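Chains, contacts and geometry: an overview
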Amino acid sequence: MGVYDYHHDSGKSDRPQPTLYEKRPELTPENPNKVYVEVWADFKDGVMKPMMIIWTDGRKYPIDRVERCDRASSLKAGGVGMRYVCRIMGQRTELFYEENGMWFVCRKAERKA
């Protein structure tokens, strides 16, 4: 009898390997309005406050003000989580923090010329 090392598996086990990270969901026809973004957040007294959004192409948008935070769903893009109603460059923006630890915003409707 020996001690089994749970941190090292030789690959001979028939158990499924755990997923170490979840791949970021891509834009799909089911949610064309949902855009996953990176967010810099500040934690103070156990409260999370988003400070900056980093768009998918690397552009950074500082959050001017967080007006309120509540649990809600996005009717336009789908998804449930904590909704942060923010002001970014003077515009009202809803930023969502999902239970899977990812942030998303609803894509703005494209203007037709």
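This section reports on the structure supplied with the text. Being a predicted model, the structure only gives us computed values, none of them experimental. (Residues numbered from 1 in each chain as written. Predicted model: local features only at pLDDT ≥ 70, side-chain atom pairs only at ≥ 80, totals over all residues. Heavy atoms only, no water.)

**Overview of the pattern of salt bridges**
According to the stated counting rule, one finds nine salt bridges in the structure shown. Among the salt bridges present, the one from Arg87 reaches Glu67, with a minimum N-O distance of 2.7 Å. You can see Arg87 sitting in strand β5 (residues 80–88) and its partner Glu67 sitting in strand β4 (residues 65–73), a full 20 residues away along the chain. Given a relative accessible area of 26%, Arg87 falls into the partly exposed group. In this structure, Asp70 and Arg68 form a salt bridge, with 3.8 Å as the shortest nitrogen-oxygen distance. Overall, Asp70 belongs to the partly exposed group, its relative accessible area being 25%. Through salt bridges that share partners, Arg68, Asp70, Arg83, Arg92 and Glu94 make up one connected network. (Salt bridge = Lys/Arg side-chain N within 4 Å of Asp/Glu carboxyl O. Helix = DSSP H or I, 4+ residues; strand = E, 2+ residues; numbered from the N terminus. Buried < 20%, exposed > 50% of the residue type's maximum accessible area, 1.4 Å probe, protein only.)

**Notes on the environment of Trp40**
Take Trp40: it is sitting in strand β1 (residues 34–44). On the basis of relative accessible area, Trp40 is assigned to the partly exposed category, the value being 44%. Counting along the chain gives 14 residues from Trp40 to Ile54, while the straight-line C-alpha distance between them is 8.0 Å. In contact with Trp40, not counting residues within four places along its chain, are Lys49, Pro50, Met51, Met52, Ile54 and Lys60. (Contact = heavy atoms within 4.5 Å.)

**A short note on the sheet that holds strand β2 (residues 47–54)**
With antiparallel pairing, the seven strands of this open sheet are ordered in space as β3-β2-β1-β7-β6-β5-β4. The strands lining the two open edges of the sheet, one partner per strand, are β3 (60–62) and β4. The sheet shows a mean angle of 40° between the axes of neighbouring strands, taken without regard to direction. With three bridges joining them, strand β6 (residues 91–98) and strand β7 (residues 103–106) adopt antiparallel strand pairing. (Pairing = 2+ DSSP bridges. Axes fitted to C-alpha atoms, helices over the stretch in contact; angles between N-to-C directions.)

**Observations regarding the packing of aromatic side chains**
Following the criterion strictly, the structure yields four aromatic pairs and no others. Considering the side-chain rings of Phe96 and Phe104, the 4.9 Å spacing of their centres and the 10° angle between planes classify their relative orientation as stacked. For the pair Phe96 and Phe104, a shared accessibility class is recorded, and that class is buried. (Phe/Tyr/Trp six-rings, centres within 6.5 Å; stacked < 30°, edge-to-face > 60°.)

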